[in-house]
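Residues per chain, in single letters:
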Number of protein chains: 2
Amino acid sequence: MAQNGKTAQPGPSPTADRAALLDRLAEIADTVERRLAERLSAADIPDRLAAAMRHGTLGGGKRFRPFLVIECARLSGGGAVPPDGAVEAAAAIEALHCYSLIHDDLPAMDDDDLRRGQPTVHRAFDDATAILAGDALLTLAFEILSDPATHPDPAARICLVGILARAGGPAGMVGGQMLDLAAEHAAPNEETVRRIQSMKTGALITAACAMGAVLGGAADADRARLSRFGDVIGLAFQLADDLLDVDAAAEDVGKRTGKDADRGKATLVALHGAAWARSCLADLVAEAEGLLAPFGPAAEMLREAARFVADRRS
Amino acid sequence: MAQNGKTAQPGPSPTADRAALLDRLAEIADTVERRLAERLSAADIPDRLAAAMRHGTLGGGKRFRPFLVIECARLSGGGAVPPDGAVEAAAAIEALHCYSLIHDDLPAMDDDDLRRGQPTVHRAFDDATAILAGDALLTLAFEILSDPATHPDPAARICLVGILARAGGPAGMVGGQMLDLAAEHAAPNEETVRRIQSMKTGALITAACAMGAVLGGAADADRARLSRFGDVIGLAFQLADDLLDVDAAAEDVGKRTGKDADRGKATLVALHGAAWARSCLADLVAEAEGLLAPFGPAAEMLREAARFVADRRS
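Residues numbered from 1 in each chain as written. Chains lettered and ligands numbered in written order. Predicted model: local features only at pLDDT ≥ 70, side-chain atom pairs only at ≥ 80, totals over all residues. Heavy atoms only, no water.

We apply this condition: UniProt positions are given in the numbering used here, feature names are shortened, and annotations may be inferred rather than shown by experiment.
Naming follows an unreviewed UniProt entry, where chain A appears as Probable farnesyl diphosphate synthase of Pseudoxanthobacter soli DSM 19599. As recorded by UniProt, the Cofactor (unreviewed entry) comment attached to chain A reads in full: "Mg(2+)". Quoted straight from UniProt, the Sequence similarities (unreviewed entry) entry for chain A says "Belongs to the FPP/GGPP synthase family."

### What about the confidence of the model for chain A?
Defined as follows: The predictor attaches a confidence to each residue, and that confidence, scored 0 to 100, is pLDDT. Residues are treated as being in contact if the distance between any of their heavy atoms lies within 4.5 Å.
Per-residue confidence for chain A averages 90 on the pLDDT scale, and 90% of its residues sit at or above 70. Low pLDDT, under 50, characterises residues 1–11 of chain A; the stretch is placed with 17 contacts to residues that sit more than four places away or in other chains.

### Structural notes on the pattern of salt bridges
Residues and elements named next belong to chain A. How we decide: We count a salt bridge whenever a side-chain nitrogen from Lys or Arg sits within 4 Å of a carboxyl oxygen from Asp or Glu. Under the DSSP-based scheme used, a helix requires at least four consecutive residues in state H or I and a strand at least two consecutive residues in state E, with every element numbered from the N terminus. Throughout this description, buried means an accessible area under 20% of the type-specific maximum (1.4 Å probe, protein chains only), exposed means over 50%, and partly exposed covers the range between.
Applying the stated criterion across every chain yields a total of 49 salt bridges over all chains. When the shortest N-O distance is used, the salt bridge between Arg24 and Glu71 registers 2.6 Å. Taken together, the residues Arg24 in helix H1 (residues 16–39) and Glu71 in helix H3 (residues 64–76) connect sequence positions 47 residues apart. One exposure class covers both Arg24 and Glu71, and it is buried. For Arg63, the salt bridge identified is with Glu94, shortest N-O distance 2.8 Å. With Arg63 in the loop between helix H2 (47–57) and H3 and Glu94 in helix H4 (residues 85–104), the pair connects residues that are 31 residues apart, well separated along the chain. Glu94 carries the same exposure label as Arg63, and that label is buried. Several salt bridges share partner residues, and in doing so they unite Asp17, Arg18, Glu289, Glu300, Arg303, Glu304, Arg307 and Asp311 into one network.

### Some words on the interface of chain B and chain A
Inclusion rule: Buried area: the accessible surface (1.4 Å probe) lost by two parts on joining, summed over both. A 3.5 Å cut-off defines polar contacts: any pair of N or O atoms within that distance qualifies, except that in protein one atom must be a possible hydrogen donor and the other a possible acceptor, and neighbouring residues in sequence count only when both atoms are side-chain atoms. For this classification, the nonpolar set comprises Ala, Val, Leu, Ile, Met, Phe, Trp, Tyr, Cys and Pro, the charged set comprises Asp, Glu, Lys and Arg, and every other residue, Gly included, is treated as polar.
Tallying the contact residues gives 44 residues for chain B and 44 residues for chain A. Looking only at chain B, the three residues that lose the most surface to chain A are Ile158, Pro170 and Met178 of chain B, adding up to 18% of its buried area. Connecting chain B to chain A are 0 salt bridges. Our count for the contact surface shared by chain B and chain A stands at 2 residue pairs in polar contact (both at pLDDT 80 or more). At 13 residues, the largest contribution of residues to the side of chain B that touches chain A is made by helix H6 (residues 127–146) of chain B. Of the residues in the side of chain B that touches chain A, the class split is 27 nonpolar, 9 polar and 8 charged.

Set out below in structure tokens:
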């Protein structure tokens, strides 16, 4: 069911696989959002800080990284319902993702006024509050992972901490953002563009898959396979994002678009063109499907996710 | 040897206890600085980010939190040389402390140009780089704690993660900074001032002591006692800091002083006066000494540290 060309030509009415994926995404988004809302209603968080953290995390987003954590945990556990702790770990990685958006949107960084169709945190509050809300969400992510509710085995929890910290740290997401800012003042070559994307976007998507594998108790080979799947869809995610930036109108995606081109920022789409990017996306989807083949039918949800990443319109 | 009134009247030539403490502080500062420098020379960190992280962490600071981690580990281990992992944990808490200074110094926050007599990170680099260097140091702290080099037992490592994340997060240090910013626009009462100080400064000092207790394998009762010791010297540390802000000239402490009064910021010294604060400091030192009494002579270094916190001049 993975070879019918859905990637290249998404129809106006979703297939059954796509409908099931969208249902699952919505279900996971709802579950993770409720878990985050509970964490952010703790009485010992100062009111204004909690409000800014909620503004930056609740009420939107596809929750794609939580989806990957939970579905990779499910797949690693033989397709069974994933452990409840997977929701905690999913909330942790989403908290970290949301912190990065809040800081990236700051005037000193990308200077964005809108995120998911709403004012960014520094516009709704102020710069200082946005910096602190980001710091607090980043720290909260590790507090959640340290909680026995995430996994009863301390060895599994500390493994999750290590995966998330490496992916989010100076050699991962934050390093990628640093290179990305520097690239605005230069004309980066393809190698640099790929390094930036791998660090800034890819590392956390790969981490989501690896964390799911740990939560599901995957053997080393399966964990490596799911991490590689994360690498591949991370690349696809970024390529699709670059295409969106070129193609879409602002009202479709709820944030300013065309901004990469406005700034002369190099992307693979800018370097090689949209047709090349679409062909490359199809190759990546095929590779992702190949990586999931050993898991059999239980991996259908993740296969459809790879196709969705490649042909999404928002 | 703890009842000779050294707190109230520090002499011009240090006592033997003070000299031993200063030696130990210098030795630990040097050890932790080298460990941080190694971590920050990793080849996979982008150059500019690594340079900003080094600027914000190396070349200064008393390293008081690392001292507490290592000395509490030593004391919990019966006075023996602390495990090498204590240096890793000390580097982690110092990385987190330095991130907080970098972010606090930003124009959107306290807007400081100098730190330890040097330009702050955003002055030496730029605001975006300072934000990212802080984010990277915060994340690195948890990466270090997840490393088996910190402690061979995963249960101990995840315990350290939990302690540090709670102390640094929205109900701890970051929450305290949020309340502190809000207090600039109001006239906080004593309860609010105490809450701010407990969260903003006290939580991390308490965490340092608790982390040391975990590293040294302390029993629950000793861990609670050392945490309470951390609470007490955290209070003393903040009171002494407020006194310094009033008393000292800028060249003595390497940063702008008198700024609390400039901003009309409430401190306990402003509310009750310097004489009250000095009397309160003496009480806190006595309480700290009482908490350490059951540990006997092995705790002399920490006793002297409590006196040092109270009478320090920078």
